[in-house]
Amino acid sequence: MANTRDPILKPIPILSLRPTQMTVGLREVKEKRERWREHKSEKKRAELLGKHMIPVVLGPDEHHYVVDHHHLARALHDEGVEHVLVTVIGDLTMVEREAFWTVMDHKRWAYPYDAKGERRHFKDLPKSVTGLADDPFRSLAGELRRVGGFAKDITPFSEFLWADFLRRKISRKSVEVNFDKAMEKALGFARSRDAVYLPGWCGPAD
């Protein structure tokens with residue numbers, strides 16, 4: 001088992017990466033695509049890829065399973081980038097195929113929840129980043145963190161926990177029709193006592 005993030009300097013095809021979650025916030029993907037376009041030179045883009053290697057777990061089938069930076073991987077693919085550098089945070093090549101997802105689940109390296117916040121079978125996970133579905137509440141949670149609604153936290157999939165919280169407070173239609181208005185509501189809910197159990201909560205003290 002790898003205890004540190006060991007970089008693999010050999011480029012890996014983005015389309016060979018296996019997601020460990022079902023959704024992304026496509027609004028957030030769009031923002032990452034725009035930031036990528038701001039780096040005009042190949043040197044700048046190479047530096048960016050070197051600084052943002054994709055963390056993966058090696059599976060018994062020799063696939064690279066992405067455990068973070070799904071948004072970045074999807075954005076790079078949509079921008080025509082074909083290869084990325086990866087960082088191995090775990091080696092599960094010795095695990096029996098039937099036990100792989102159980103181990104991934106217990107290590108909190110997978111999040112098999114769909115765009116409705118409902119848990120699905122691991123076989124329903126997309127086989128590539130192109131299959132990641134849009135969850136507007138994930139975009140809302142990402143923007144909420146950026147504007148200070150909650151603090152960055154090391155809890156795995158913390159922004160998905162916030163997305164699920166917001167999903168129970170705000171309708172999907174309102175997020176899709178008027179994102180800014182939904183953000184105002186999200187900020188109010190984020191500072192309430194209802195959200196005190198969530199990672200990175202920074203509401204007012206008693």
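Residues numbered from 1 in each chain as written. Predicted model: local features only at pLDDT ≥ 70, side-chain atom pairs only at ≥ 80, totals over all residues. Heavy atoms only, no water.

Visitor: Just to check I follow, could you spell out unusual backbone geometry for this structure?
Guide: Note: most peptide bonds trans; most residues except glycine with negative phi. Even without being a glycine, Glu62 presents a positive backbone phi close to 70°. Its location among the elements puts Glu62 in the loop between β4 (54-58) and β5 (64-66). Residue Glu62 is classed as exposed on the basis of its relative accessible area, which comes to 58%. Of note, the phi angle at Arg108 is positive, near 60°, even though the residue is not glycine. One can find Arg108 in the loop between α4 (100-106) and β7 (133-134). (Helix = DSSP H or I, 4+ residues; strand = E, 2+ residues; numbered from the N terminus. Buried < 20%, exposed > 50% of the residue type's maximum accessible area, 1.4 Å probe, protein only.)

Visitor: Honestly, the pairing of β4 in this entry has me stumped. Any pointers?
Guide: In regular strands, side chains alternate between the two faces of the sheet. The buried fraction of β4 is high, at 5 of 5 residues. Neither face of β4 is left uncovered, since the one carrying Ile54, Val56 and Leu58 and the one carrying Pro55 and Val57 both have all their residues buried. Relative to strand β6 (residues 83-91), β4 runs parallel, the two sharing 5 bridges. Paired with Val56 across the two strands is Val88, which belongs to β6. Bridging between β4 and β5 involves 3 bridges; their strand directions are antiparallel. Bridge assignment links Val56 to a residue of β5, and that residue is Val66. (Pairing = 2+ DSSP bridges.)

Visitor: I tried to follow the packing of helix α1 (residues 26-38) against helix α3 (residues 70-78) on my own but got confused; where do I start?
Guide: The relative placement of two packed helices comes down to the angle between their axes together with the axis-to-axis distance. One can describe the packing of α1 onto α3 by two numbers: an axis separation of 8 Å at closest approach and a directional angle of 60°. The orientation of α1 relative to α3 falls into the category oblique. In the crossing of α1 with α3, the sense of the turn from one axis to the other is right-handed. Between α1 and α3, the contacting residues are Leu26, Glu28, Val29, Lys32, Arg33 and Trp36 on the first element and His71, Leu72, Arg74, Ala75, Leu76 and Asp78 on the second. For the contact of α1 with α3, the residue count by class is 6 nonpolar, 1 polar and 5 charged. (Axes fitted to C-alpha atoms, helices over the stretch in contact; angles between N-to-C directions. Parallel < 35°, antiparallel > 145°, perpendicular 65-115°, else oblique. Left-handed = near helix turned anticlockwise from the far one by under 90°. Contact = heavy atoms within 4.5 Å. Nonpolar A, V, L, I, M, F, W, Y, C, P; charged D, E, K, R; others polar.)

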